[in-house]
Amino acid sequence: MQQALVALAAAVPVCIGVLVLRRRPRHPGGWLLVAHGVLFFVLLTFDELSTSRTGLIVDQLTMGAWVGLFLCLVIIAYLLPDGRTANRLWRWWVRVGLFGVLVFVVGAAGDRQGFADAHAGAALPVPWLPEPVSGLLGVVGLLFVALLITGSFFAVWWRLRRAYGDERLQLLWLVWGALTVPVTLLAGWVNYFLLDEGPLFPAALGLIAVGLPVTVGVAILRHRLFDIRLVLSRTLTYLLLVVAVVAVYALLLFATDWLIGNDTVGGLLAVGVVAVAVHPAYSFLRLRIERWVYGLRSDPRAAIRLLADRTEAADPDGLVEAVTDAVASALQVGRVWVEASGAEQDTALRTPMIHRNEQRADRGDPRRGQGLHCGGTAARRRPAATGDRRGGPVARDPAARCLPVRCSDVRGDRPRGAPGAARRG
């Protein structure tokens, strides 16, 4: 049964990697998924100790190879969604981390005590570095491995804060798949402390081996499969709520047992506290998580307050920048501009602006004024709806949603007092 689970957990990333290579042959994620499946199968299938000379040599040289169980998935986290690291700094971080993995494997091959414990006191079949040198290399390499794994979380977080549109959706798929890691750790603790080494942890380990490659493949190929933001927000909310409830219950049970020596009283007290606090905790977690996933879309009042505060604090020359920056921050989008129209015009004008300290030029009509917008490529001009009370026209871009804003005193290449609309893309 265990071998069947290992084979299944290895076959899934290999198949997904092949699909990625067929659709996106230049994306390194496909090769990394195939390599992950192969390493997973080899390391968990041929893990029995050998007695032959050749087998002992292989065992010695692969004592640090266990890092291959997760190394490819860690590298994928640095490369999603476009197959490249976010910048040169992260690229060098990955290179240094991979060098640390090599150092760790070299150092682990000289662990004489570990090899002797696993092989009934046998000595290393291949002469290696002096033991102090091997030990130092093993410790330094393990530190670099830990930094490489930890850095992948920060790399995804750094990229997620700056991502918009499809790129953000792809990263959210990766985040959802990465939630299998804390779930597996929690299952391992429950399996060890409550179930006395039961079958729960191997099943949870298979969840990582299958779930994370699947979400990586979906992020690369079909990230619009369904609304991952809704699924992720609900998963995070209930996962954190369960962890908090279990932690509070165990803490109260332990505290009452230590103070008054009565498990029954502690259990009743813990149940009462959990019953009273579970709904406020759920509301608190849901509000914070939805704000992180959706931005201020989940709290329209906060979005309006942000817009009002930014515009009130801005000087007249910086009003457009304040409005667009507030809309971009509230909706977590990358392109925000203002379109305006006058009664004597039949097409929308782009208001020249500087957004987030960066000036972006658009191809504008000299007869209508040059248009500047924030980020991306120029959008097509749409016919204006003369006399629109909501503040001007909005292009019917299927990928865009609009937040109308009345801009009665925006300075730009258009008549003063012309209606405007802040728009995001």
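It should be noted that the structure appears before, not after, this text.
Residues numbered from 1 in each chain as written. Predicted model: local features only at pLDDT ≥ 70, side-chain atom pairs only at ≥ 80, totals over all residues. Heavy atoms only, no water.

## Let's talk about the pattern of salt bridges
Taken as a whole, this structure holds 8 salt bridges when the rule is applied. For the salt bridge of D166 with R224, the shortest nitrogen-to-oxygen distance reads 2.3 Å. Separated by 58 residues along the polypeptide, D166 in helix α8 (residues 165-178) and R224 in the loop between α10 (200-221) and α11 (228-260) bring together distant segments of the chain. Its relative accessible area of 59% is what places R224 among the exposed residues. R310 is the partner of D325 in a salt bridge, and the nearest nitrogen-oxygen pair spans 2.5 Å. With D325 in helix α14 (residues 319-331) and R310 in helix α13 (residues 300-313), this residue pair connects regions lying 15 residues apart in the sequence. Take R310: its relative accessible area is 30%, and that puts it in the partly exposed class. (Salt bridge = Lys/Arg side-chain N within 4 Å of Asp/Glu carboxyl O. Helix = DSSP H or I, 4+ residues; strand = E, 2+ residues; numbered from the N terminus. Buried < 20%, exposed > 50% of the residue type's maximum accessible area, 1.4 Å probe, protein only.)

## Notes on the layout of surface pockets
By volume, the largest pocket is sized at about 1,100 Å³. Breaking the lining of the largest pocket down by element, the ones donating at least two residues are α2 (28-45), α4 (71-79), α7 (131-161), α8, α9 (180-193), α10 and α11. The element that contributes the greatest number of residues to the lining of the largest pocket is α9, accounting for 8 residues. Looking at the lining of the largest pocket, its residues break down into 35 nonpolar, 4 polar and no charged. (1 Å grid on protein atoms, 1.4 Å probe; cavity = no way out; pocket = protein on both sides within 12 Å on 5 of 7 lines; lining within 4 Å. Points joined across faces, edges and corners; volume = space filled by probe spheres on them. Nonpolar A, V, L, I, M, F, W, Y, C, P; charged D, E, K, R; others polar.)

## Topic: the side chain of H36
Relative to the helices and strands, H36 is located in helix α2. On the basis of relative accessible area, H36 is assigned to the buried category, the value being 2%. In contact with H36, not counting residues within four places along its chain, are P13, L69, C72, L73, A209 and P213. (Contact = heavy atoms within 4.5 Å.)

## Let's talk about the packing of aromatic side chains
Scanning the entire structure with this criterion turns up 7 aromatic pairs. Arranged with centres 6.5 Å apart and planes meeting at 85°, the rings of F41 and F46 form a pair that is edge-to-face. Residue F41 is classed as partly exposed on the basis of its relative accessible area, which comes to 31%. Owing to a relative accessible area of 61%, F46 belongs among the exposed residues under this scheme. Every member of this aromatic cluster is reached through a ring pair, and the members are W66, F70 and F104. Over the face of the ring belonging to W92 we find R95, whose NZ or CZ atom lies 4.9 Å from the ring centre. (Phe/Tyr/Trp six-rings, centres within 6.5 Å; stacked < 30°, edge-to-face > 60°. Lys NZ or Arg CZ within 6 Å of the ring centre and 35° of its normal.)

## Section: α13
Over its 14 residues, α13 runs 20 Å from end to end, which matches the ideal 20 Å to within 8%, given 1.5 Å per residue. Residues of α13 that are buried: A302, A303, L306 and L307. One face of α13 carries all of its buried residues, which in axial projection span an arc of 140°. For α13, the exposed residues lying more than 90 degrees away from the buried face are P300, R301, I304 and E312. (Expected span 1.5 Å × (residues − 1). Arc of directions from axis to C-beta.)

## Details of the packing of helix α5 (residues 88-108) against α7
Relative orientation and spacing of two packed helices are given, respectively, by the angle between their axes and the distance between those axes. Contact pair α5 / α7: the axes reach a minimum separation of 7 Å and the direction vectors enclose 150°. If you check the angle between α5 and α7, you find them roughly antiparallel. Seen from above, α5 lies across α7 with left-handed handedness. Considering only residue class, the contact of α5 with α7 consists of 18 nonpolar, 7 polar and no charged. (Axes fitted to C-alpha atoms, helices over the stretch in contact; angles between N-to-C directions. Parallel < 35°, antiparallel > 145°, perpendicular 65-115°, else oblique. Left-handed = near helix turned anticlockwise from the far one by under 90°.)

## Here we look at the packing of α4 against α5
The contact between α4 and α5 brings their axes to 11 Å, and the two run at 170°. In terms of orientation, α4 and α5 fall into the roughly antiparallel class. Taken together, the residues of α5 that come into contact with α4 (itself represented by L71, I75 and Y78) are W90, W93, V94, L98 and V101.

## Thoughts on unusual backbone geometry
Here the bond from L80 into P81 is cis, since omega is 0°, no more than 30 degrees from zero. One can find P81 in the loop between α4 and α5. Non-glycine residue A120 carries a positive phi angle of around 55°. Within the element layout of this structure, A120 appears in the loop between α6 (112-118) and α7.

None of this, on its own, says anything about what the molecule does.
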